[in-house]
Protein chains: 2
Amino acid sequence: MSIETAAKQLEALGNVTRLRVYRTLVRAGDDGLPVGSLQERIGIAASTLSHHLHRLISTGLVTQERQATTLICRANYPAMHGLVGFLVDECCIDARCAPREKAAALA
Amino acid sequence: MSIETAAKQLEALGNVTRLRVYRTLVRAGDDGLPVGSLQERIGIAASTLSHHLHRLISTGLVTQERQATTLICRANYPAMHGLVGFLVDECCIDARCAPREKAAALA
DNA sequence: CCGCTGTTTCGATGCTCATGGAAATAGCGG
DNA sequence: CCGCTATTTCCATGAGCATCGAAACAGCGG
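Source: prediction; values computed, not measured.

Caption draft 1: Summary view of the sheet that holds strand β1 (residues 33-34) of chain B. Residue and element names in this part refer to chain B. Read from one edge of the open sheet, three strands run β1-β3-β2, paired in antiparallel fashion. The open sheet has two edge strands with one neighbour each: β1 and β2 (62-67). Bridge analysis of β2 against strand β3 (residues 70-75) gives six bridges, and the strand direction is antiparallel. Paired with glutamine 64 across the strands is cysteine 73, a residue of β3.

Caption draft 2: Here's a closer look at the protein's contact with DNA strand D. Around DNA strand D, 22 residues are found, and the nearest of them are A:Gly36, B:Asn15, B:Arg18, B:Thr48 and B:His52. Protein-adjacent atoms of DNA strand D, using a 4 Å cutoff, are sugar or phosphate at a proportion of 70%. One of the side-chain nitrogen or oxygen atoms of A:Ser50 is found 3.3 Å away from a phosphate oxygen of DNA strand D. Here B:Thr17 contributes a side-chain N or O atom positioned 3.2 Å from a phosphate oxygen of DNA strand D. Of all the elements in the fold, those that place two or more residues in the surface near DNA strand D are α3 (35-42), α4 (46-58) and β3 (70-75) of chain A together with α2 (16-28) and α4 (46-58) of chain B.

Caption draft 3: Molecular detail of the side chain of B:Arg18. Topologically, B:Arg18 is positioned in helix α2. One buried charged residue, B:Arg18, remains without a salt bridge, the closest side chain of opposite sign being B:Glu11 at 5.9 Å.

Caption draft 4: Representation of the packing of aromatic side chains in the model. Under the criterion given, the structure shown has zero aromatic pairs over all chains. One Lys or Arg, B:Arg23, reaches over the ring of A:Phe86 and ends 3.8 Å from the middle of that ring.

Caption draft 5: Spatial organisation of helix α5 (residues 77-89) of chain B. An ideal rise of 1.5 Å per residue puts 18 Å on 13 residues; α5(B) measures up with 18 Å between its terminal C-alpha atoms. Turning to α5(B), its buried residues are B:Tyr77, B:Ala79, B:Met80, B:His81, B:Leu83, B:Val84, B:Phe86, B:Leu87 and B:Val88.

Caption draft 6: Focus on the confidence of the model for chain A. Taken over all residues, the pLDDT of chain A has a mean of 87, while the share at 70 or more is 85%. When the criterion is pLDDT under 50, residues 98-107 of chain A qualifies, and its contacts beyond four places in sequence or with other chains add up to eleven contacts.

Caption draft 7: Region of the structure containing the sheet that holds strand β1 (residues 33-34) of chain A. All names here are of chain A. Taken in spatial order, the three strands make up an open sheet running β1-β3-β2, and their pairing is antiparallel. The open sheet is flanked by β1 and β2 (62-67), the only strands paired with a single partner. Strands in contact with helix α2 (residues 16-28) are β1, β2 and β3; relative to β3, the strand with the most contacts, it is inclined by about 85°.

Caption draft 8: Expanded view of the pattern of salt bridges. Residues and elements named next belong to chain A. A full pass over the atoms with the stated rule returns four salt bridges over all chains. Residue glutamate 11 pairs with arginine 55 through a salt bridge whose shortest N-O separation is 3.3 Å. Taken together, the residues span a long stretch of sequence, with glutamate 11 in helix α1 (residues 3-13) and arginine 55 in helix α4 at a distance of 44 residues. Accessibility expressed as a relative area gives 31% for glutamate 11, which makes it partly exposed. One salt bridge connects arginine 74 with glutamate 65, and the closest N-O pair in it is separated by 2.8 Å.

Caption draft 9: The arrangement of the environment of B:Gly85 in detail. As for its placement among the helices and strands, B:Gly85 is situated in helix α5. It is 9.4 Å that separates the C-alpha atoms of B:Gly85 and B:Met1, two residues lying 84 residues apart in sequence.

Caption draft 10: Structural view of the protein's contact with DNA strand C. Inspection of the region around DNA strand C gives 22 residues, with A:Arg18, A:Thr48, A:His52, B:Gly36 and B:Ser47 positioned closest. Here a phosphate oxygen of DNA strand C sits 2.9 Å away from a polar atom, N or O, in the side chain of A:Arg18. Here B:Ser50 contributes a side-chain N or O atom positioned 3.3 Å from a phosphate oxygen of DNA strand C. Listed by contribution, the elements that provide at least two residues to the surface near DNA strand C are α2 and α4 of chain A together with α3 (35-42), α4 and β3 of chain B. In terms of residue count, α4(A) provides more of the surface near DNA strand C than any other element does, five residues in total.

Caption draft 11: Just the nonpolar core, in detail. Counting 62 residues, the largest nonpolar core has A:Leu13, A:Leu38, B:Leu13 and B:Leu38 as its most contacted members. In this view, B:Leu13 contacts A:Ala7, A:Leu10, A:Leu87, B:Leu19, B:Tyr22, B:Leu56, B:Leu61 and B:Leu83; residues no more than four positions away in its chain are not counted.

Parameters and conventions
- Starting from 1, residues in each chain are numbered consecutively following that chain's sequence as written.
- Chains and ligands are labelled by the order in which they are written, letters from A for the one and numbers from 1 for the other.
- Where totals are concerned, whole chains, interfaces and linings use all residues; where local detail is concerned, this predicted model gives features only for residues with pLDDT of at least 70, and gives and counts side-chain atom pairs only at 80 or more.
- Note: side-chain values were computed over all heavy atoms of the structure, leaving out hydrogens and water.
- Any two strands with at least two DSSP bridges between them are considered paired.
- The secondary structure listing takes helices from DSSP runs of H or I that are at least 4 residues long and strands from runs of E that are at least 2 residues long, numbered from the N terminus.
- What makes a residue near a molecule or strand is one non-hydrogen atom of that residue sitting within 4 Å of it.
- For this analysis, a polar contact is any N or O atom pair within 3.5 Å, provided that within protein one partner can donate a hydrogen and the other can accept it, and provided that sequence-adjacent residues contribute only side-chain to side-chain pairs.
- Accessible area is worked out with a 1.4 Å probe on protein chains only. A residue is then buried under 20% of its type maximum, exposed over 50%, and partly exposed in between.
- Two residue types count as positive, namely Lys and Arg, and two as negative, namely Asp and Glu; His and chain ends fall outside the count.
- One side-chain nitrogen of Lys or Arg within 4 Å of one carboxyl oxygen of Asp or Glu is enough to make a salt bridge.
- Stacked, tilted and edge-to-face are the three classes assigned to paired rings of Phe, Tyr and Trp, where Trp is represented by its six-membered ring and a pair needs centres within 6.5 Å; plane angles under 30 degrees give stacked, over 60 edge-to-face, the rest tilted.
- Any Lys NZ or Arg CZ that is within 6 Å of a ring centre and within 35 degrees of that ring's normal is treated as a charge sitting over the ring.
- A helix is expected to reach a length of 1.5 Å times the quantity of its residues less one.
- As a per-residue quantity, pLDDT reports the predictor's confidence and falls between 0 and 100.
- By definition, residues are in contact when any of their heavy atoms lie within 4.5 Å.
- To obtain an axis, a line is fitted to C-alpha atoms, over the contacting stretch when the element is a helix, and the angle between two such axes runs from 0 to 180 degrees between their N-to-C directions.
- Buried residues of nine kinds, namely Ala, Val, Leu, Ile, Met, Phe, Trp, Tyr and Cys, make up a nonpolar core once their side-chain atoms join them within 4.5 Å.

Structure, rendered in C-alpha cells:
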C-alpha cells in the first residue's frame, strides 16, 4: 500500500456524504445495495451520488456488479482492512503501546 | 464519535503531505518531534507545514507542547484508535466476517 | 531590554471539489 | 425494434484547499 493510495482512500472517506454512502454499504454486507436504494436512503441527487460512487470505486473501496438494469454496490472489505492496516502499521513503535495491544485497542 | 468528526479526521489524513507528517509523528513515538525537524524531514515550506499541522491539531489527531522556543508535536494515539474503531465498527455484520475475526484481520 | 531562532499569520494564486438539473446512455421486457 | 426504468455524463456554479514567500510574532539568553 503506497502512501498515495492510502491518502486517496482516506480522502475518499473524508467527506460526510461519501462516508455515509460507504457505511451504508458496509452495513448492507455482501448482498450489497442498488444505486437507487442508496439514493433513497441518503437523500441526494442521483448525479451527486453517481459522482461520489465513482470516487469510491476508483479508489478501490467499493465494487459494482450489474444485475439487469440495476447496479449493485458493495463495500470492499479487504480494501478497508488494508487501509486500516496501513494506519496502524507503524503505530506504537514505542513501548507504551506494544504490538500485542493493537488488536485489543482496535477490537 | 460522530460521522462528522470521523469525516474531518479522515479528510485531514487524506492528503499526502499531511499523511506523511502524521506518519512521521506516529513513528517518532511519545518523544514527539519539533516543528523544525518535521520540516526538514518532509521538505516543505514552514508556512505550509504550519498550515497542515493546524489542521491535524484542530481535528484532534496531533497535539503540541511548548518546550522553550520549540514546539513539540505528537501523534494522538487514542484519537487514531477511535477513528479506526469507527471504521471497523459496523464492518462485517454479515456472516463472512465474524466480529472475532476483526482483530485477526487488523493485526 | 535586544537580538536571535523558531513558528505562525497574511496575502495571493491556481486548482480541485461538491452539488444538482438536464440530457444522454444502458439494457431489459415485450 | 420500442419504450421504460436505472444510471451516468455534461455543464455550470460556488466554495474550499494547497502552496509558498514575506512579514509578523513569541519567547529565551545574554
